[in-house]
Each structure stands twice: as C-alpha cells, then as structure tokens.
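Per-entry structural report
The lines below spell out each chain.
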Amino acid sequence: MLARRIIPCLDVRDGVVVKGVKFRNHEIIGDIVPLAERYAKAGADELVFYDITASSDQRVVDKSWVSKIAQVIDIPFCVAGGIKSVEDAGKILEMGADKISINSPALANPSLIKELHDTFGQQCVVIGIDSFYNEETQKYEVYQFTGDESRTQKTAWQTIDWIKEVQTHGAGEIVLNCMNQDGVRKGYDLEQLSAVRNACHVPLIASGGAGEMQHFADVFKQADVDGALAASVFHKSIIDIPELKAWLSEQGVVMRVNK
Amino acid sequence: MASNLVIVNTGCANISSVKFAFERIGAQVTVSDDTAVISAADKVLLPGVGSAPAAMKSIKAKQLEACLQGLTQPVLGVCLGMQLMVSDSQEGEFGSTKTTDCLNLIPGQVKRMQVGELRLPHMGWNKVVNKYNNDLFKGIGDGEFFYFVHSFAIEDYQHTLASCEYGGVFSAAIHKDNFYGVQFHPERSSDAGAHLLENFLKM
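To keep things clear, this report deals only with the structure shown in the data block. (Residues numbered from 1 in each chain as written. Chains lettered and ligands numbered in written order. Predicted model: local features only at pLDDT ≥ 70, side-chain atom pairs only at ≥ 80, totals over all residues. Heavy atoms only, no water.)

Quick look at the pairing of strand β9 (residues 144-150) of chain B now. Within β9 of chain B, 7 of the 7 residues are buried, which leaves it mostly tucked inside the rest of the structure. Burial along β9 of chain B is two-sided: Glu-144, Phe-146, Phe-148 and His-150 of chain B facing one way and Phe-145, Tyr-147 and Val-149 of chain B facing the other are all buried. (Buried < 20%, exposed > 50% of the residue type's maximum accessible area, 1.4 Å probe, protein only. Helix = DSSP H or I, 4+ residues; strand = E, 2+ residues; numbered from the N terminus.)

This part takes up unusual backbone geometry. With the exception of glycine, the majority of residues adopt a negative phi angle, and the majority of peptide bonds are in the trans configuration. Residues and elements named next belong to chain B. Here the residue pair Leu-120 and Pro-121 is connected by a cis peptide bond, since its omega of -5 degrees sits within 30 degrees of zero. In this structure, Pro-121 sits in the loop between β7 (109-112) and β8 (122-130). Its identity is not glycine, yet Cys-79 carries a phi of approximately 55 degrees, on the positive side. Examined against the element boundaries, Cys-79 turns out to sit in the loop between β4 (75-78) and α5 (80-83).

Residue and element names in this part refer to chain B. Read across the sheet, 4 strands follow the order β6-β5-β7-β10 without closing on themselves; strand pairing throughout is mixed. This sheet does not close on itself; its edge strands, each paired only once, are β6 (100-101) and β10 (152-154). Summarising the sheet, strand β5 (residues 88-89) and β6 pair through 2 bridges and their orientation is antiparallel. Residue pairing in the sheet places Asp-88 in a bridge with Asp-101 of β6. (Pairing = 2+ DSSP bridges.)

How two helices pack is summed up by the angle between their axes together with the distance between the axes. Residue and element names in this part refer to chain A. For the pair helix α8 (residues 213-223) and helix α10 (residues 241-250), interaxial distance at closest approach is 10 Å and the crossing angle is 45 degrees. Judged by the inter-axis angle, α8 sits oblique to α10. Between α8 and α10 the crossing geometry is right-handed. In this structure, α8 contributes Met-213, Gln-214, Phe-216, Ala-217 and Phe-220 to the contact, and α10 contributes Glu-243, Leu-244, Trp-247 and Leu-248. Here the residues of the contact of α8 with α10 sort into 7 nonpolar, 1 polar and 1 charged. (Axes fitted to C-alpha atoms, helices over the stretch in contact; angles between N-to-C directions. Parallel < 35°, antiparallel > 145°, perpendicular 65-115°, else oblique. Left-handed = near helix turned anticlockwise from the far one by under 90°. Contact = heavy atoms within 4.5 Å. Nonpolar A, V, L, I, M, F, W, Y, C, P; charged D, E, K, R; others polar.)

With that out of the way, let us pick up the interface of chain B and chain A. On the chain A side, the residues contacting the 33 residues of chain B number 49 residues. Here chain B packs against chain A, burying approximately 3,200 Å² in sum over the two surfaces, 54% of which is carbon and sulfur. In this structure, the connection of chain B to chain A is made through 3 salt bridges. Between Arg-119 of chain B and Asp-224 of chain A there is a salt bridge, with the nearest N and O atoms lying 3.0 Å from each other. For the pair chain B and chain A, the number of links is 18 residue pairs in polar contact (both at pLDDT 80 or more). Mapped by element, the contributors of at least two residues to the side of chain B that touches chain A are α1 (16-24), β8, β9 and α6 (190-201) of chain B. Top contributing element to the side of chain B that touches chain A by residue count: β8 of chain B, with 6 residues. (Buried area = accessible area lost by both parts, 1.4 Å probe. Salt bridge = Lys/Arg side-chain N within 4 Å of Asp/Glu carboxyl O. Polar contact = N/O pair within 3.5 Å; in protein donor to acceptor, adjacent residues only side chain to side chain.)

Next up on the list: the packing of aromatic side chains. Per the stated rule, a full pass over the model turns up 14 aromatic pairs over all chains. Relative to Trp-65 of chain A, the ring of Phe-49 of chain A has its centre 5.9 Å away and its plane inclined at 55 degrees; by these criteria the two rings are tilted. Remark: Trp-65 of chain A occurs in helix α2 (residues 64-72) and Phe-49 of chain A occurs in strand β4 (residues 47-51); sequence separation between them is 16 residues. A relative accessible area of 6% means that Trp-65 of chain A is categorised as buried. Joined through ring pairs, the aromatic side chains of Phe-137, Phe-146, Phe-148, Phe-170 and Phe-184 of chain B make up one cluster. A cation sits over an aromatic face here: Arg-151 of chain A above Phe-145 of chain A, 4.4 Å from the ring centre. Just above the ring of Phe-152 of chain B sits the side chain of Arg-112 of chain B; from NZ or CZ to the centre is 5.5 Å. (Phe/Tyr/Trp six-rings, centres within 6.5 Å; stacked < 30°, edge-to-face > 60°. Lys NZ or Arg CZ within 6 Å of the ring centre and 35° of its normal.)

What follows is the structure, encoded as structure tokens:
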C-alpha cells in the first residue's frame, strides 16, 4: 500500500527559513540545512523548499543551498520558486533536488510544463497553485506572484479549470495552496480539496491550514489527498511528526512509520 | 570502502543525489561518461530521473551503448536507469505512442502502469516484498518502505527480484547475471535505501 505523505514545507527567503501568516509578515524560523536534517530524521516523508522571493524578484537567486540539502538528507525533496525555464530546472535537479515546482511561470507560459515533462519526465514536474476563495463571486481563483505582497495578483483562471489545464500539459503532481487557510491553523479546505480531487488524476498535495493532528486525518480521509503539507505546526513544534504519523496509523491512514 | 564506483553520466539530471547517497556511506564515487573509466570500474551505477527517449538519445550521442552492454562487473540501474536495462519502453515523448529501444541487458518491456482509479505517477513510499534471497536485499526486512516516483513499470516476471503493488503487482527490483535494477530510489529511501546501496557495494 502506498503511504500518505507528511510534508513539511520550508519557505526560504535570502537563505533562511521564514514563515508568514496569509503570505504576509514573514518571520525568520532558522537555517535551512539543520531544519531539513531534523525533519528527515523525525520521519518526514518529503520536504518542500519554497524560495518565496524568487518568482517575484527579477534578480538571480542563489540556490547553492539546494546542493547542501541534497548532501545531508536521504528523503525526497522538491524545490519551488524562481524556476522559469528548462535550464533553471536542470540546474536545480543537477544540484540534487528530486522535483521542481513551478507556479507563476506556468501561468505565464503553460507550454513550459510540457517542455519540463519532455526533458526530465513527468515525475519531476510539480505545479504549485495558489487558490483564493472570493466570497463575492463565490469562486476559487488562481493568484500569482504570491511571494511578494505588492505584486500578488489575481489571474483569469478559476482553480478547477487551471488544475485540468496543467494536467493536459503533463504535470506530475499538484500542490494546492488554499490561501484563505494559510498560516491560520483552522484546518485544510476540505470542500475545495474534495472538489479538486475529482478533477485531479495526478498526486494531489494539500497545503494551508494545518493546526492540529485531526486536520491531517480529515484531509486524508475526507479529501483523499496523497500528501499533506504544513509549515508552522512543525516549525513551532505544535505537532511532533513521529507522534502524528503513529496517531494517523492508528486512525487507519497508511503511513510509513519509523521502526 | 576500497571498491571504485562509477556513476554513468547519462546527460540527464539528478546524478548528484545518488552520488551524495554513496558518499554518505563512505564510497569513492566517480561520475563519468568515458567508456574506459566506466569499463574499469568495480561497480557501475546507471542513474535515474528523466524520460526514456531523452536518456537513450543522450546515451547514443555519447556512444555509451556498447560499453554498457559489455559490462561484466555488478551494475545497478536506479528508476529510469533500471528501465533502460530492458529491451524497450513504451515511454515516448509527451503525446507520442512510439516505443523507445533500450539497452537490452535484461529481457523485458517497460509499460505504462495500469492502475484503474488510482493516480499516476505512482509517487511516494510503498512496501517492497522480497521474492528471493539475494545479496542486494540482505538484511532488509520484507515489506520495508522505499520511495517510488514513476508512471511506467516492468511487470512481475521471471527476472523479478522484489515486487511492489500499486493497482497491480510490478517489479520493484530485477536481476539477471551482473545486472540489477531497482524501480524505487534507494538514494531517497532513508535507512532502508542506504542499506541496499551498502549491499550493492559489498557485491
């Protein structure tokens, strides 16, 4: 049986791990490598490193930390942020990342997804989607450049349509970040994730809203997602990963549990 | 460890992660696309991420095909590297139905996985069941979790060394003569993966 994945996400800005609430007011959490090592040892199934400044700044971002992480950890990891071309993706994968995730550049140029698929294989191509529930229109809308508050903007895409679109281009996995829930620890957006699940035939990772262990059980059981991503609950030691995985196993969720 | 391991530089990405994994267990690692260096190695590793057509194109462009086919020392193929070891693969470029000729080191064909309602790629940690006593899995528990990322697989057949189930049973590892292949990523499979790589180095 394929195990469901617990995925700590480390937002990286200027080489350190940060965390904000609803994408704002970032505070420094710590250095990348020791945090990555700690999570790998604790039994995290995968790690995501999201360079939140990269997509919105035009500057070239130093990614040497990718190689340092690859040297020390023995679980898969994905790098997101600032990957705009096949060449960019190739550099990250050469440094030892297992997957690359693109968000805003895919919105600007959907054919990039197919180019990445054809060069590196579908399994390395993760599409990150920032989805915001608009109470006025009662629709889920896709946002881009969310790493920089001043440049964050709504796109013309409704989330479910964009999810269908990226799959036709060869996406290998989708990380759906529900912006309304991000950082507020009130639970994953089960309604949205369940709706998306039906339209998503590649692995789906839930992001945004984890606050307690029950939220993980809910998202796996009710929204049938393949993985659950979380940041603050792990960074602030609100949830202990070994304890979470043991508890989820008891709840009947298939987990890789450390022996 | 005294033995000299060469990772074949197939021209695809993701050689670093497997290199680092061997270095973590103390191996001497060389990355090369030089046929003389590859042939002289004690152990050879054929690495993994990419697409079959791109990898075979690169192997042919580097004129490595005959060299790889002539190897007699232990060779381990990882993920795509394993898939390149059989005769051909159904994996073509996106939207294409053309098959790709592979290295034909072990008989067999790579096919797109048929998993019904389940998702593809098969991505994540899954249980590997050892079918035979073999040095590669020595000391690794039956049903240990390894990390997989793939949409294509080799069915369970006469050259299967270990199997895994996702929608159906497929080869998690294959073996013939000096050639070994694993569908999962030992370099990303935590302690179990490190154990398997150590076993390979001891061959």
